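Architecture and fold: a report
Chain residues, written in single-letter form:
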Amino acid sequence: MGRQVPAVERALEILELLADRTPELLGLSEIARTLAMNKASCHATLTLLADRNYLIRHADKTYSLGPGMLPIANSFLHDQNALPFARVEMTKLGRELNLDCVASSVVGSEIVILAHTPSPGSFGINMRVGSRFPLVPPIGTVFLAWASRDRVEHWLASVQVTPAKRARYLDALAVVRERGYSVAIGKAVGENPGGASDADDYLLFELRETQRLPVAHIAAPVFDPEGTVRLALTVVAFRDQLTSQEIPVVMKRLTAATTRVTRATWGVTPGTPDGAPIPVPGQRMDALDGSYANISGEENG
């Protein structure tokens, strides 16, 4: 960890707290108590942030984030040139599928939520723009399925896994790459709000015609001109379990949307004439560099 700067840390903690508690307004006492911060230091920091328009000080002496945050956020989003095209498709997906849609990207070792469009019948899922999640197995397969060997190895090394788990994660990447989308199995809304299931049940399943599945989310990639995943569009907030016939219907609409965003931003989809080859069913990406192996271990070119 780098050298700590207490004044900067105090300011960042205050900004992060107010962002997490939006739209709630917090006063000096509550902010200082929540952050275990000296009241005088907290007041001085709040005053400076308000003077610079990073905070708004309301008449009742509470605080909220201010307009000074916007140029900083927009500077980051300016480099996300696929996002405006993605927002258009996300809005359409929300209307047509009656599902919330989320756009996310990888920044460093985290997945960052860049946009969230609620569906007409949205029940208010907690998916705040700017939220960050660790990019660790089994999370993030839609970003890693088309990645380089080094990047995948780094992803696998972020947690301790047994050889069996490692093979399973590699199988998951092959499945996502083959299908062109990822599916996370969890509990249907109202049955268990706890989210996606354990890693062992993540992604790897066979679809039987009569089977109903508690889908947590379905995600598909948007590619850049180098064939790297720049964004993922994810549909969430499934209200009921889906049959194996219903999942491809959602998938087809979602991947059509991500393909349009890819093409609109001069992206290249791997597996197309301008992209890299994709594995055939039953192969695992052991090498992750264009060479694959069957589950039995025999290599293919």
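In short, a report on the structure.

How each quantity is defined
- Residues numbered from 1 in each chain as written.
- Predicted model: local features only at pLDDT ≥ 70, side-chain atom pairs only at ≥ 80, totals over all residues.
- Heavy atoms only, no water.
- Helix = DSSP H or I, 4+ residues; strand = E, 2+ residues; numbered from the N terminus.
- Buried < 20%, exposed > 50% of the residue type's maximum accessible area, 1.4 Å probe, protein only.
- Contact = heavy atoms within 4.5 Å.
- Pairing = 2+ DSSP bridges.
- Axes fitted to C-alpha atoms, helices over the stretch in contact; angles between N-to-C directions.
- Phe/Tyr/Trp six-rings, centres within 6.5 Å; stacked < 30°, edge-to-face > 60°.
- Core = buried A, V, L, I, M, F, W, Y, C linked by side-chain atoms within 4.5 Å.
- Parallel < 35°, antiparallel > 145°, perpendicular 65-115°, else oblique.
- Left-handed = near helix turned anticlockwise from the far one by under 90°.
- Nonpolar A, V, L, I, M, F, W, Y, C, P; charged D, E, K, R; others polar.

When helices and strands are tallied, the chain shows nine helices and 14 strands. Counting the 301 residues in the chain, one finds 43% classified as buried. Within the chain, contacts between residues at least 6 apart in sequence are counted, and of these 58% link residues at least 24 apart.

Our next topic: the sheet that holds strand β10 (residues 229-236). Taken in spatial order, the six strands make up an open sheet running β6-β5-β4-β10-β9-β7, and their pairing is antiparallel. Each edge of the sheet is formed by a strand with only one pairing partner; in this case those strands are β6 (132-134) and β7 (182-185). Geometrically, the sheet is characterised by an average inter-axis angle of 30° between neighbouring strands, direction not taken into account. Here β7 pairs with strand β9 (residues 215-223) via four bridges, running antiparallel. Within β9, the residue paired with isoleucine 185 across the bridge is valine 215.

Considering all chains together, one arrives at two aromatic pairs under this definition. Measuring from centroid to centroid gives 5.2 Å for tryptophan 146 and phenylalanine 223, while their planes differ by 85°, and the two rings are edge-to-face. One end of the pair, tryptophan 146, is in the loop between α6 (141-144) and α7 (149-156); the other, phenylalanine 223, is in strand β9, and 77 residues separate them in sequence.

Strands belonging to one sheet form pairs held by backbone hydrogen bonds; the direction of such a pair is parallel or antiparallel. Reading across from one edge, β1-β3-β2 is the order of the three strands in this open sheet, with antiparallel pairing throughout. A strand with exactly one partner marks an edge of an open sheet, and here the two such strands are β1 (26-27) and β2 (55-57). Across two bridges, the pairing between β1 and strand β3 (residues 62-65) is antiparallel. The residue bridging leucine 26 from the neighbouring strand is tyrosine 63, located in β3. Helix α1 (residues 6-21) contacts β1, β2 and β3 of the sheet and is inclined by roughly 85° relative to β3.

Quick look at the nonpolar core now. Counting residues in each nonpolar core, the largest one holds 30 residues, and the members touching the most others are Val215, Ile218, Leu233, Val235, Phe238 and Ile247. Of all the elements in the fold, those that place two or more residues in this core are α5 (83-97), β4 (100-107), β5 (110-117), β7, β9, β10 and α9 (246-264). Sorting elements by how many residues they give to this core places α9 first, with six residues. Counting residues in each nonpolar core, the second largest holds 20 residues, with Trp146, Ala147, Tyr169 and Ala232 among its members.

Okay, unusual backbone geometry next. With an omega of 0°, the peptide bond running from proline 137 to proline 138 counts as cis. Its place among the elements puts proline 138 in the loop between β6 and α6. The backbone phi angle of asparagine 98 is positive, close to 55°, even though this residue is not glycine. Relative to the helices and strands, asparagine 98 resides in the loop between α5 and β4. The class for asparagine 98 is partly exposed, based on a relative accessible area of 31%. You will see that tryptophan 266, though not glycine, has its phi angle at about 60°, which is positive. Take tryptophan 266: it is sitting in the loop between α9 and β12 (283-284).

The next subject is the packing of α5 against α9. Between α5 and α9, the least distance of the axes is 9 Å, while the angle of their chain directions is 165°. When the interaxial angle is binned, α5 and α9 end up roughly antiparallel. Two packed elements cross with a definite hand, and for α5 against α9 that hand is right-handed. Packed against α5, whose contacting residues are Phe85, Ala86, Glu89, Lys92, Leu93, Glu96 and Leu97, the element α9 presents Val250, Arg253, Leu254, Ala257, Arg260, Val261 and Ala264 at the interface. Here the residues of the contact of α5 with α9 sort into nine nonpolar, no polar and five charged.

Two numbers describe how α7 lies on helix α8 (residues 163-179): the axes approach to 11 Å, and their chain directions differ by 135°. On the basis of their axis angle, the class for α7 and α8 is oblique. The two elements α7 and α8 meet at a crossing, and its hand is right-handed. Between α7, through Val152, Glu153, Trp155 and Leu156, and α8, the contact on the second element is made entirely by Arg166, Tyr169, Leu170 and Leu173. In the contact of α7 with α8, the residues fall into six nonpolar, no polar and two charged.

These figures capture arrangement, not role.
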